[in-house]
Amino acid sequence: MILETKQLTKQFGGLFAVKDVDFTIEKGKINAIIGPNGAGKSTFFNLVSGLYRPTAGQVIFKGRDISSLSANKVAKLGVARTFQTTNLFEQASVFDNVVVGHRLRTKSTLFDSIFRTRRLKREEEQCKEKAIQVLQFVGLNHAVDQRVANISQEEKKRVAFALALATDPEIVFLDEPTAGINPDETAELSELIEKMAEKGLTICLIEHKMQMIMNLAEQIMVLNYGEKIAQGPPDEINRNEEVIKAYLGGSTSA
Ligand SMILES: Nc1ncnc2c1ncn2[C@@H]1O[C@H](COP(=O)(O)OP(=O)(O)OP(=O)(O)O)[C@@H](O)[C@H]1O
């Protein structure tokens with residue numbers, strides 16, 4: 001197990017967005033979180049990536065309690081997340097959007113920037129090499145110099161993946177990676193997610209496309225009104241009465 005939550009809880013006023021969630025994520029696997037709108041999926045992501053502090057409970061990453069660490073510190077430990085593509089700089093190039101990712105791993109200070117020290121130049125070079133490497137990995141060699149505003153939605157998703165990969169993560173949380181793209185593109189992005197897992201990365205994704213999740217994920221957690229109602233492999237989740245009642249509405253083809 002690489003990441004674990006223990007009785008993780010987030011309350012907004014009187015509302016429990018996430019309540020007492022125990023979840024374990026196995027290293028190198030593709031994990032998914034599903035649930036109806038408002039079930040607490042995004043809040044769960046924000047808790048494990050350090051954007052929110054839990055009201056109660058813990059997030060344990062590689063045996064260390066990271067519940068009270070800042071998002072930046074959590075990312076430095078090797079936890080990356082993607083946001084919806086609206087988080088990209090539309091007027092900047094694909095390359096410039098991704099090159100910032102690896103800065104997390106550099107040590108240059110304002111002093112280095114002002115005096116353009118050797119360290120700064122070396123680290124800038126490292127960031128550029130990393131950006132090229134991850135853009136190649138996600139299949140965007142052809143679009144490196146294009147402005148993000150001019151590329152397709154599916155390519156933007158790949159940029160978001162590349163940005164997360166540039167931070168050298170051990171686990172990547174993908175926020176609705178295939179929202180708003182067509183079935184062919186969805187299949188291609190699924191392949192990319194599998195390629196990431198084959199490389200040894202641990203994946204955890206939120207997704208509404210049930211068929212895709214059932215084919216791709218090895219383990220699924222189902223949230224409903226902030227609570228975990230099921231956890232297991234896809235075939236088990238498919239047959240779970242409570243899940244069918246709460247979410248699937250009797251069909252997995254949603
Ligand atoms: N910052 C916030 N302040 C108050 N309530 C919030 C906040 N963020 C989320 N909520 C509430 O917490 C609950 C869980 O929301 P969350 O966005 O985590 O669900 P979700 O499963 O990601 O939904 P969706 O699939 O629609 O994105 C909802 O009732 C939502 O209105």
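Residues numbered from 1 in each chain as written. Predicted model: local features only at pLDDT ≥ 70, side-chain atom pairs only at ≥ 80, totals over all residues. Heavy atoms only, no water.

### Topic: the domain arrangement of the chain
In terms of domains, the chain is made up of domain 1 (1–78 + 169–254) and domain 2 (90–166). Each of domain 1 and domain 2 was reduced to a C-alpha centroid, and the two centroids are 27 Å apart. Summed over both partners, the interface of domain 1 with domain 2 buries about 1,500 Å², with 71% contributed by carbon and sulfur atoms. The largest share of the area that domain 1 buries against domain 2 comes from Lys 76, Leu 189 and Leu 192, three residues that together contribute 29% of it. Viewed at the interface, domain 2 and domain 1 are joined by zero salt bridges. Seen at the junction of domain 1 and domain 2, the total is three residue pairs in polar contact (both at pLDDT 80 or more). Mapped onto the side of domain 1 that touches domain 2, the elements with two or more residues apiece are helix 2 (71–77), strand 7 (171–175) and helix 7 (183–198). The dominant element in the side of domain 1 that touches domain 2, judged by the number of residues it contributes, is helix 7, at seven residues. (Domains from an automatic or database assignment. Buried area = accessible area lost by both parts, 1.4 Å probe. Salt bridge = Lys/Arg side-chain N within 4 Å of Asp/Glu carboxyl O. Polar contact = N/O pair within 3.5 Å; in protein donor to acceptor, adjacent residues only side chain to side chain. Helix = DSSP H or I, 4+ residues; strand = E, 2+ residues; numbered from the N terminus.)

### As for helix 1 (residues 41–48)
In terms of burial, helix 1 is largely enclosed, as seven of its eight residues are buried. A positive phi of about 85 degrees marks Gly 50, the residue just after helix 1. (Buried < 20%, exposed > 50% of the residue type's maximum accessible area, 1.4 Å probe, protein only.)

### Looking at the environment of Asp 175
Counting through the fold element by element, Asp 175 comes out in strand 7. For the pair formed by Asp 175 and Met 212, sequence separation is 37 residues and the distance between their alpha carbons is 14 Å. Reaching out from Asp 175, the side chain makes a polar contact with the side chain of Arg 81 at a distance of 3.5 Å.

### Considerations on the site of the ligand
In the region of the ligand, 13 residues are neighbours, and Gly 38, Gly 40, Lys 41, Ser 42 and Thr 43 sit closest. Within the backbone of Ala 39, one N or O atom sits 3.1 Å away from an oxygen atom of the ligand. Between the ligand and Thr 43 there is a distance of 2.6 Å, counted from an oxygen atom to a side-chain nitrogen or oxygen. Burial of the ligand by the surrounding chains reaches 60%, relative to a free accessible area of 630 Å². Only strand 2 (15–25) and helix 1 provide two or more residues apiece to the shell around the ligand. Per-class residue counts for the shell around the ligand are six nonpolar, six polar and one charged. (Near = heavy atom within 4 Å. Areas by Shrake-Rupley, 256 points an atom, 1.4 Å probe, with all protein chains shown as cover. Nonpolar A, V, L, I, M, F, W, Y, C, P; charged D, E, K, R; others polar.)

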